[in-house]
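# Structural overview
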Amino acid sequence: MYEPLDDSKKIESGGATNEDIDIGPVPPGWTWELNHIGVEDETTACTSVRVGVGQANDFRPLEEHIGLVAGELYTVPEPIYVPEGKFLRVRFVGTTSADKLAVYVNGRRIKR
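The structure contained in this document is the topic of the report that follows. (Residues numbered from 1 in each chain as written. Predicted model: local features only at pLDDT ≥ 70, side-chain atom pairs only at ≥ 80, totals over all residues. Heavy atoms only, no water.)

### Some remarks on the environment of L5
Worth spelling out the cut-off: Helical segments are the DSSP runs of H or I of at least four residues, strand segments are the runs of E of at least two, and each set is numbered from the N terminus. In this description, contact between two residues means that some pair of their heavy atoms is separated by no more than 4.5 Å.
Mapped onto the secondary structure, L5 falls in strand β1 (residues 2-12). Sequence spacing of L5 and E42 is 37 residues, and the spatial spacing of their C-alpha atoms is 23 Å. When sequence neighbours within four positions are dropped, the list of residues in contact with L5 reads W32, L34, V105, N106, G107, R108 and R109.

So this is what it looks like as structure tokens:
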């Protein structure tokens, strides 16, 4: 069984070296297939952005884009699968205080 998944989250940077946006966790019995993940620093450029899967304090980056330009939407080139109990994490590195950071995802939930 499949269900559509469409989510987004925006935060304002507090000026920390790394700013994380998490989407999830995936509920028990489900897996997420994320076919489109877009990330954006709407305000200023940042050093890099890392996209991956996390659980508690563990983060496994799967993709990295270096030199994200302000207002540029970076998309992940291949689907990312997030298993139950884990979440999608997008880590912005080198942000400036008050940057507006955004993550957009769509794909599908897969019932196991």
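The rest of the description comes next.
### Concerning the sheet that holds strand β5 (residues 58-68)
Convention followed: For two strands to be treated as a pair, DSSP must find no fewer than two bridges joining them. Working convention: axes come from line fits to C-alpha atoms, limited for helices to the stretch in contact. Angles between N-to-C directions cover 0 to 180 degrees.
Pairing in this open sheet of 4 strands is antiparallel, and the strands run β2-β8-β4-β5 from one edge to the other. A single partner strand is all that each edge strand has here, and the edge strands are β2 (18-23) and β5. Neighbouring strand axes in the sheet, compared pairwise and without regard to direction, differ in orientation by 20 degrees on average.

### Regarding unusual backbone geometry
When glycine is set aside, most residues are seen to have a negative phi, and most peptide bonds are trans. Here is the rule: Each residue's exposure class comes from its accessible area (1.4 Å probe, protein chains only) as a fraction of the maximum for that residue type: buried when under 20%, exposed when over 50%, partly exposed otherwise.
Of note, the bond from G24 into P25 is cis; its omega dihedral lies within 30 degrees of zero at 15 degrees. With respect to the secondary-structure elements, P25 resides in the loop between β2 and β3 (30-41). Here A56, not a glycine, exhibits a phi torsion of approximately 55 degrees, which is positive. On the secondary structure map, A56 appears in the loop between β4 (46-55) and β5. Of note in this structure, A98 is not a glycine but carries a positive phi near 75 degrees. Mapped onto the secondary structure, A98 falls in the loop between β8 (87-93) and β9 (100-111). What makes A98 partly exposed here is its relative accessible area of 33%.

### Focus: the side chain of D41
Rules: Under this rule, positive means Lys or Arg and negative means Asp or Glu; His and the chain ends count for nothing. In the sections that follow, a salt bridge refers to a side-chain nitrogen of Lys or Arg positioned within 4 Å of a carboxyl oxygen of Asp or Glu. Any N or O atom pair separated by 3.5 Å or less is treated as a polar contact, with the protein-specific requirement of one donor-capable and one acceptor-capable atom, and with residues adjacent in sequence counted only for side-chain atom pairs.
Note on placement: D41 falls in strand β3. Buried charge without a salt bridge: D41, with K100 as the nearest opposite-charge side chain at an N-O distance of 9.1 Å. A polar atom in the side chain of D41 sits 3.1 Å from the backbone nitrogen of T43.

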